[in-house]
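# Topology and contacts: notes
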Amino acid sequence: MPEFEHRSPSGVARADDPNDARMLAMIGNLFTAEVCTKLGVEPEPPFVIYHVSGSESLGLAVWRDGDEIVERRIVIGDAALRDQARFSVAHELVHWYASAPWDRLPHAIEEGLADYIAVHVAPEFRDERIAELDRRLASITPERREQALAVSERTWATTPREVRSDAYAVGFEIVQRFGIEGLRELCERAQREGRERVPIAWIEGSTLPPHVARP
Ligand SMILES: [Zn+2]
């Protein structure tokens, strides 16, 4: 466990360097309200961020007992801390706070949503990230697109890197097309109809979403 802890009103960060702990807690605190407003959710529960030194891992670590979530942590590795702490924290906060109805969203689209919100709240990384996603999308075949849309959060960490890269690009394109509100309405419809996930056919089957996409 990282040695130092810094508390903020929205959550807590830990790191081996007290300055890193403070910086991560402050970034998380700064972005929580905006992320939650965009998602239309309450800023609960308080976030937990760990910087793990000597590691390049990045993501939301989840411990489960069967289907029940026991503990969650946003893990920030060295490169993410050094090069893109604000973008990385913003992206992971979307996963952290994407509670119902967002739990119905297919995981690739949640990844796209996390990037979509992160480039808005941390715009210094926007052009680079969007260019990367556009390049990736341009190379995708229908088979790869289908495979990317089938990924799940449970197997995300062990999903091949190439498939994950595709999932970000496909997810981002879908969020651009439907808009946050349009996707939220699909999640609410899935909830009303008792579907565990928004069916991919609702996304890929229609040429136009039920609501006009917002840029
Ligand atoms: Zn993610």
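Quick note: structure is the one above.
Fair warning: this is a prediction, and the values are worked out from it, not measured in the lab.

### Considering helix α3 (residues 107-121)
- The end-to-end C-alpha separation of α3 is 21 Å, in line with the 21 Å expected for 15 residues at 1.5 Å each.
- Burial of α3 is extensive: 14 of the 15 residues sit out of reach of the surface.

### Description of the sheet that holds strand β3 (residues 47-51)
- Pairing is mixed across the open sheet formed by 5 strands, whose spatial order is β1-β2-β3-β5-β4. Either end of the sheet is taken by a strand with one partner, and the two such strands are β1 (4-7) and β4 (58-65). Taken pair by pair, the neighbouring strands of this sheet meet at an average axis angle of 25 degrees, ignoring direction.
- In this structure, β4 lies alongside strand β5 (residues 68-76), joined through 8 bridges in antiparallel fashion. Counted as the bridge partner of Leu-58 is Ile-76 from β5.

### Let's talk about the pairing of strand β2 (residues 11-15)
- Counting buried residues in β2 gives 5 out of 5 residues, a clear majority hidden from the surface.
- On β2, burial covers both faces: Gly-11, Ala-13 and Ala-15 on one face and Val-12 and Arg-14 on the other are all buried.
- By the bridge criterion, 4 bridges tie β1 to β2 in an arrangement that is antiparallel. In the strand pairing of β2, Phe-4 is matched with Ala-15.

### Considering the packing of aromatic side chains
- Under the defined criterion, the tally for this structure stands at 3 aromatic pairs.
- For the pair Trp-156 and Tyr-168, a centre-to-centre distance of 5.5 Å together with 90 degrees between the ring planes defines the contact as edge-to-face. Placement of Trp-156 in the loop between α5 (142-149) and α6 (161-192) and of Tyr-168 in helix α6 is noted, with a sequence separation of 12 residues between them.
- In this structure Trp-156 comes out as buried when scored by relative accessible area, which is 13%.
- When the ring centre of Tyr-168 is taken as reference, the NZ or CZ atom of Arg-129 above it lies at 5.0 Å.
- When the ring centre of Trp-202 is taken as origin, the NZ or CZ atom of Arg-189, which lies over that ring, is 3.7 Å away.

The rules behind the values
- Residues numbered from 1 in each chain as written.
- Predicted model: local features only at pLDDT ≥ 70, side-chain atom pairs only at ≥ 80, totals over all residues.
- Heavy atoms only, no water.
- Helix = DSSP H or I, 4+ residues; strand = E, 2+ residues; numbered from the N terminus.
- Expected span 1.5 Å × (residues − 1).
- Buried < 20%, exposed > 50% of the residue type's maximum accessible area, 1.4 Å probe, protein only.
- Pairing = 2+ DSSP bridges.
- Axes fitted to C-alpha atoms, helices over the stretch in contact; angles between N-to-C directions.
- Phe/Tyr/Trp six-rings, centres within 6.5 Å; stacked < 30°, edge-to-face > 60°.
- Lys NZ or Arg CZ within 6 Å of the ring centre and 35° of its normal.

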